[in-house]
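Close look at the chain arrangement
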Amino acid sequence: MTEPLNPIYGHFIVNIFGFPIFINFKVILLSTTISLIGTMLVVSLKENRRLAINVGLITVFASFVPYLMDYIRIVMMRLFMILFYPFAFPHLRYVFLIHNPETWGIIAGISLMLFGYYKTSQTNGLRPLSNDKILSDVKEIAKGLNTKVPRVYYYDESAPNLYTNGSNGNPYIAISVGALELFTDEEMKAALMHEFSHIKNNENEITLTVMGLSLAALSSIPNYLINYLIRRNSEFLADEKAASIIGPKPVI
């Protein structure tokens, strides 16, 4: 059941299992509209992947702004009513921000980012790599790109694969046993260059930020598609970076 709230807020109360939730449908519509427009722009910019990524990031931040502004407005109004008209305020029982979906969205978004930073910093199941050739290549690439030398690990998996994780200030690269056995020296260098591109572009932080803001902007479902498009474009950019330095054949 939905019932109108005091006009000073312009919100509605939605009772979920008897628990009242403040909803502002105008904010939901505005945030979703921003996300949809941004999604269409990102899709249309497939020929310019760097611009597409930047537009996607701006869209995610912009879609959260209506929620943030509405949240600030509610907080200020409630503080004003409590301070100056505590006994005239008919909805004093709703003074706590627990009734705002923005509260839970922001808490969930921040929690997701903190958990993500913690999780991606973990190296469970990884073992330090002692391959001198690969470690030498890693140092050489880091020097050429002016980035911090990442830690290098390997893990027990037959499928050839590499991935990078951790923050830009403390990154690491993990290489599967399958990649160590199957890749030639040039192919391994190309794969390392690909991972360095992810590190250089702070893509772990970008992904976690986009996911956190998408969760905080509760209605912006298209933001999850934008997150997918950002990651997809990032993979192509990483390939292009590796191919521009070492040539396309090892990358392919």
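This text gives an overview of the structure that appears in the document. (Residues numbered from 1 in each chain as written. Predicted model: local features only at pLDDT ≥ 70, side-chain atom pairs only at ≥ 80, totals over all residues. Heavy atoms only, no water.)

**Here's the deal with helix α6 (residues 185–200)**
- Spanning 16 residues, α6 covers 22 Å between terminal C-alpha atoms, matching the ideal 22 Å at 1.5 Å per step.
- Of all 16 residues making up α6, 12 are buried, and the element is well covered by its neighbours.
- Where α6 is concerned, the buried positions are M188, K189, A190, A191, L192, M193, H194, E195, F196, S197, H198 and I199. (Helix = DSSP H or I, 4+ residues; strand = E, 2+ residues; numbered from the N terminus. Expected span 1.5 Å × (residues − 1). Buried < 20%, exposed > 50% of the residue type's maximum accessible area, 1.4 Å probe, protein only.)

**Observations regarding the packing of aromatic side chains**
- Considering all chains together, one arrives at three aromatic pairs under this definition.
- An angle of 85 degrees between the planes, with centres 5.6 Å apart, marks the rings of Y153 and Y172 as edge-to-face. Here Y153 is found in strand β5 (residues 151–155), whereas its partner Y172 is found in strand β7 (residues 172–176), with 19 residues between them in sequence. With respect to class, Y153 is no different from Y172; both count as buried. (Phe/Tyr/Trp six-rings, centres within 6.5 Å; stacked < 30°, edge-to-face > 60°.)

**Overview of the sheet that holds strand β6 (residues 162–165)**
- Within the open sheet, the four strands sit side by side as β4-β5-β7-β6. Their pairing is mixed. Of all the strands in the sheet, just β4 (127–128) and β6 have a single pairing partner and so form its edges.
- Pairing of β5 with β7, which is carried by five bridges, proceeds in the parallel orientation. Bridge pairing links Y153 to A174 in β7. (Pairing = 2+ DSSP bridges.)

**Observations concerning the environment of E187**
- On the secondary structure map, E187 appears in helix α6.
- Through-space distance from the C-alpha of E187 to that of V251 is 6.4 Å; in sequence the pair is 64 residues apart.

**A look at the nonpolar core**
- I134, L162, I173, I175, M188, L192 and F196 are the most contacted members of the largest nonpolar core, which totals 18 residues.
- The set of elements that each furnish at least two residues to this core consists of α4 (132–145), β7 and α6.
- In terms of residue count, α6 provides more of this core than any other element does, six residues in total.
- For I134, the residues in contact, after removing those within four places along its chain, are L129, I175, L180, M188 and L192.
- By size, the runner-up hydrophobic cluster in this structure holds 13 residues, among which are F64, Y67, V210 and I226. (Core = buried A, V, L, I, M, F, W, Y, C linked by side-chain atoms within 4.5 Å. Contact = heavy atoms within 4.5 Å.)

**Things to note about a nonpolar patch on the surface**
- A cluster of nonpolar side chains, V65, L68, M69, I72, M76, L79, F80, L83 and F84, forms an exposed patch at the surface whose accessible area comes to about 900 Å².
- If you trace the backbone, M76 turns up in helix α2 (residues 49–84). (Patch = residues over 30% accessible without salt bridge, like charges linked within 9 Å, V, L, I, M, F, W, Y side chains within 5 Å. Areas by Shrake-Rupley, 256 points an atom, 1.4 Å probe, with all protein chains shown as cover. Salt bridge = Lys/Arg side-chain N within 4 Å of Asp/Glu carboxyl O.)

**What about unusual backbone geometry?**
- With a phi close to 55 degrees, N146 is a non-glycine residue in the positive phi region.
- Within the secondary structure, N146 sits in the loop between α4 and β5.
- Backbone geometry places N202, a non-glycine residue, at a positive phi of 55 degrees.
- Considering the arrangement of structural elements, one finds N202 in the loop between α6 and α7 (203–216).

**Brief notes about the pattern of salt bridges**
- Here the structure, examined in full by the defined rule, presents four salt bridges.
- Across the pair R49 and E240 runs a salt bridge, and its minimum N-O distance is 3.8 Å. You can see R49 sitting in helix α2 and its partner E240 sitting in helix α8 (residues 222–246), a full 191 residues away along the chain.
- Between D137 and K133 there is a salt bridge; the shortest N-O distance is 2.8 Å. Here D137 and its partner K133 are both found in helix α4, four residues apart, which amounts to about one turn of the helix.
- Looking at D137, the relative accessible area reads 4%, which means it is buried.
- Given a relative accessible area of 41%, K133 falls into the partly exposed group.

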